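These are the residues of each chain, in order.
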Amino acid sequence: MQFVAMNRFQIRKGHEEAFERIWAERESRLKQTPGFREFRLLKGPEGDGARLYISHAVWESRADFEAWTKSAQFRTAHKDAGASKTQDAMIGPPQFEGFETVLHEA
Ligand code: HEM
């Protein structure tokens, strides 16, 4: 069954555009990664001076996802995660959650 990997980012008010640009301009290799199915950057509700964003990726299996997290592609994708424009935008580190698919209707 497909596996959904989500990371929740709390983004400081006024930094939304900068944060979206970091994602839009990244060099992504996900499409060449075995088991990768789809990716979305989701913009959620605002509250308490922060806007919730979620990076949402669908994988063919948990094993495919885990293999990617151990790959050079994962390290490359995160080499700038400590950069100040990223860190200034975020309130704390992102929170990861992984989900097994129970039902899928499309
Ligand atoms: C379980 C841990 C994590 C997972 C599953 C995850 C997932 C992802 C995915 C799927 C991408 C897109 C990669 C691509 O397109 O090739 C990405 C990029 C990114 N991740 Fe993560 N991530 C994790 C940890 C973190 C952490 C701790 C940060 C904290 C800064 C972070 C910040 C970012 C940013 C800002 C990008 C955009 C790429 C860039 O900086 O150019 N991620 N992540």
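Residues numbered from 1 in each chain as written. Predicted model: local features only at pLDDT ≥ 70, side-chain atom pairs only at ≥ 80, totals over all residues. Heavy atoms only, no water.

**Quick look at the packing of aromatic side chains**
- As enumerated under the stated definition, the model contains 12 aromatic pairs in all.
- For the pair W23 and F39, a centre-to-centre distance of 5.5 Å together with 15° between the ring planes defines the contact as stacked. Of this pair, W23 sits in helix 1 (residues 16–24) while F39 is found in strand 2 (residues 36–47), placing the two residues 16 residues apart along the sequence.
- Accessibility expressed as a relative area gives 18% for W23, which makes it buried.
- Between F65 and F96, the aromatic rings sit 5.6 Å apart at their centres with planes inclined by 0°, giving stacked as the arrangement. Of this pair, F65 sits in helix 2 (residues 62–69) while F96 is found in strand 4 (residues 95–100), placing the two residues 31 residues apart along the sequence.
- A relative accessible area of 10% places F65 in the buried class.
- Three or more aromatic residues joined by ring pairs make a cluster, and in this case those are F3, F36, W59, F65, W68, F74 and F96.
- Above the face of the F39 ring, R26 is positioned so that its terminal group lies 4.8 Å from the ring centre. (Phe/Tyr/Trp six-rings, centres within 6.5 Å; stacked < 30°, edge-to-face > 60°. Helix = DSSP H or I, 4+ residues; strand = E, 2+ residues; numbered from the N terminus. Buried < 20%, exposed > 50% of the residue type's maximum accessible area, 1.4 Å probe, protein only. Lys NZ or Arg CZ within 6 Å of the ring centre and 35° of its normal.)

**Some points on the site of the ligand**
- The immediate surroundings of the ligand are formed by 18 residues, with N7, W23, R26, S28 and H78 found nearest.
- Between an oxygen atom of the ligand and a side-chain N or O atom of R26, the distance comes to 2.8 Å.
- The side chain of H78 places a nitrogen or oxygen atom 2.8 Å from a nitrogen atom of the ligand.
- Of all the secondary-structure elements, those providing two or more residues to the shell around the ligand are strand 1 (3–12), helix 1, helix 2 and helix 3 (72–77).
- Its residues placed into classes, the shell around the ligand shows 12 nonpolar, four polar and two charged. (Near = heavy atom within 4 Å. Polar contact = N/O pair within 3.5 Å; in protein donor to acceptor, adjacent residues only side chain to side chain. Nonpolar A, V, L, I, M, F, W, Y, C, P; charged D, E, K, R; others polar.)

**What to know about the nonpolar core**
- Among the nonpolar cores identified, the biggest contains eight residues, and these are F3, A5, L30, F36, A57, W59, F65 and W68.
- Broken down by secondary-structure element, the contributors of at least two residues to this core are strand 1, strand 3 (50–59) and helix 2.
- In this view, F36 contacts L30, K31, V58 and W59; residues no more than four positions away in its chain are not counted. (Core = buried A, V, L, I, M, F, W, Y, C linked by side-chain atoms within 4.5 Å. Contact = heavy atoms within 4.5 Å.)

**Comments concerning the coordination of the iron atom of the ligand**
- Among protein residues, the single donor to the iron atom of the ligand is H78 (NE2), with a metal-donor distance of 2.0 Å.
- One can find H78 in the loop between helix 3 and helix 4 (84–89). (Donors = N, O, S within 2.8 Å, 3.2 Å for Na, K, Ca; no water.)

**Focus: the pairing of strand 1**
- By the criterion of burial, strand 1 is predominantly enclosed, with seven of the 10 residues buried.
- Note that strand 1 and strand 3 share 10 bridges and pair antiparallel. Residue pairing in the sheet places A5 in a bridge with A57 of strand 3.
- In this structure, strand 1 lies alongside strand 4, joined through six bridges in antiparallel fashion. Paired with A5 across the strands is G98, a residue of strand 4. (Pairing = 2+ DSSP bridges.)

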